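Architecture and fold: a report
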Amino acid sequence: MSKPYISIIIPVYNEEPNLQKLLARLYPVMTALGKPFEIIFTDDGSRDRSLEILREMAQSHPEVKVIEFNGNFGQHMAIMAAFEMSAGEIVVTLDADLQNPPEEIPKLVAEMEKGHDVVGSVRQKRQDTFFRRAASRIVNITTNKMTGMQMSDYGCMLRAYNRTVIDNLNRCQEMTTFIPALAQTFASNPSEVPVSHAERAEGESKYSLYRLIRLNFDLMTGFSVVPLQLFALLGILTSVASVLFALFLLVRRFLIGSEVEGVFTLFAILFFFVGIIIFGIGLVGEYVGRIYQEVRRRPRYVVRRTYGFE
Ligand code: UDP
Ligand code: MG
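Heads up: these notes are all about the structure in this document. (Residues numbered from 1 in each chain as written. Chains lettered and ligands numbered in written order. Predicted model: local features only at pLDDT ≥ 70, side-chain atom pairs only at ≥ 80, totals over all residues. Heavy atoms only, no water.)

Structural notes on the environment of Gly-148
Just so we agree on the cut-off: Numbering of helices and strands runs from the N terminus; a helix is a DSSP stretch of H or I covering at least four residues, while a strand is a stretch of E covering at least two.
By the secondary structure assignment, Gly-148 is in the loop between helix 5 (130-147) and strand 6 (159-162). Sequence separation between Gly-148 and Leu-33 is 115 residues, and the spatial gap between their C-alpha atoms is 36 Å.

Now the structure itself:
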């Protein structure tokens, strides 16, 4: 088989009801492009029949390859592992739940062939809950401000990268990451295309509210120290304000006399600042925790077996 020109990368975690439909739509799209391709699935420790289905696909389709993880290491690690085993000049990532229509892939490939090194996508008429859409808006705006990058839709995983960007991504050994942002740091000529978005075909989102918050902490702390700097700034502002307040109390004492009432107002103010301080400690903890993870240098993921690779 000739060397693939396009590698399609799909992370899979308990997607049993979606996999057949996905391949049935993806395969014709890829053959129609008329270039050699490979489809790499990473099974991220699924507990349903996903792995079995993927293994059968690898047997019946020479282009399908499977990486079997030894546990659940997360979507971004699943994609990173597949990047390392991919061979294509153009590498495209997408979700297994058919929220990213495979029919959009030729659009991304065409944009790549215009000479872009990263092609992102912007979900049109996004089919997610109001809460998810509102949260994404905030994340997109703040991340662009904090990192100085320009990306319209950080959360959309339907993206294409060229070999140079993939080789650079493979040199990154960080334990926690957010691939679209990481790739953007290596992109010299990025572009974006609008793509359609569907509701999840079957099953439920694999991201609970808690996991979503963790993921966004990865994005915020992984690509910027602005949160820490903002916090230091807030500290300075509070101390300036408290000096002014003390001055005010001093003057008041001379003019009106000492105060006793309003003690509970002071408590309220105090609790507010204590809250800010605890948040600050937590924020520092996020960075320290990540530094701790990095210095231990444990393996980021464990591959148990692979199927379909020579
Ligand atoms: N996924 C994964 N490991 C995880 C969580 C998710 O490989 O720990 C995969 C999942 O199978 C899907 C993609 O990542 O292909 C996106 O997940 P999901 O659709 O649940 O996220 P959402 O669309 O709700 O953001
Ligand atoms: Mg989804």
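Now, onward.
Examining the site of ligand 1
Applicable threshold: Proximity is defined per residue: any heavy atom of the residue falling within 4 Å of a molecule or strand makes that residue near it. Any pair of N or O atoms that falls within 3.5 Å is considered a polar contact. Within protein, one atom must be able to donate a hydrogen and the other to accept it, and sequence-neighbouring residues count only if both atoms are side-chain atoms. Here the accessible surface of atoms and residues is derived via Shrake-Rupley with a 1.4 Å probe, and residues count as covered only by protein chains that are part of the display. Asp, Glu, Lys and Arg are counted as charged, while Ala, Val, Leu, Ile, Met, Phe, Trp, Tyr, Cys and Pro are counted as nonpolar; the rest, among them Gly, fall into the polar class.
Around ligand 1 sit 18 residues in total, of which Asp-44, Asp-97, Arg-132, Ser-205 and Lys-206 are the nearest. At 2.9 Å, a backbone N or O of Ala-96 approaches an oxygen atom of ligand 1. One of the side-chain N or O atoms of Arg-132 is found 2.6 Å from an oxygen atom in ligand 1. Protein burial of ligand 1: of its 530 Å² of free accessible surface, 95% is covered by the chains. For the shell around ligand 1, the per-class residue count stands at 5 nonpolar, 5 polar and 8 charged.

Structural notes on the side chain of Gln-184
Test applied: Pairs of residues are marked as contacts when any of their non-hydrogen atoms sit within 4.5 Å.
With respect to the helices, strands and loops of the structure, Gln-184 is situated in helix 7 (residues 179-186). Setting aside residues up to four positions removed in sequence, Gln-184 forms contacts with Val-118, Met-149, Gln-150, Met-151 and Pro-190.

Here we look at the nonpolar core
Our working rule: Nonpolar cores are built from buried Ala, Val, Leu, Ile, Met, Phe, Trp, Tyr and Cys residues. Side-chain atoms within 4.5 Å join them into one set. In this scheme, a residue with accessible area under 20% of its type's maximum is buried, one over 50% is exposed, and one in between is partly exposed, where area comes from a 1.4 Å probe on protein chains only.
One finds Phe-83 and Tyr-161 to be the most contacted residues of the largest nonpolar core, which totals 38 residues. Of all elements in the fold, only strand 3 (64-69), helix 3 (75-85), helix 5, helix 6 (163-171), helix 7 and helix 8 (209-223) reach the threshold of two or more residues within this core. Per-element accounting of this core gives the leading share, 7 residues, to helix 3. Among all residues touching Tyr-161, those that are not within four sequence positions of it are Phe-83, Glu-89, Ile-90, Val-91, Thr-93, Met-112, Asp-117, Val-118, Ile-166, Ile-179, Pro-180 and Ala-183. One finds Ile-6, Val-12, Leu-19 and Val-64 within the second-largest nonpolar core, a separate group that totals 35 residues.

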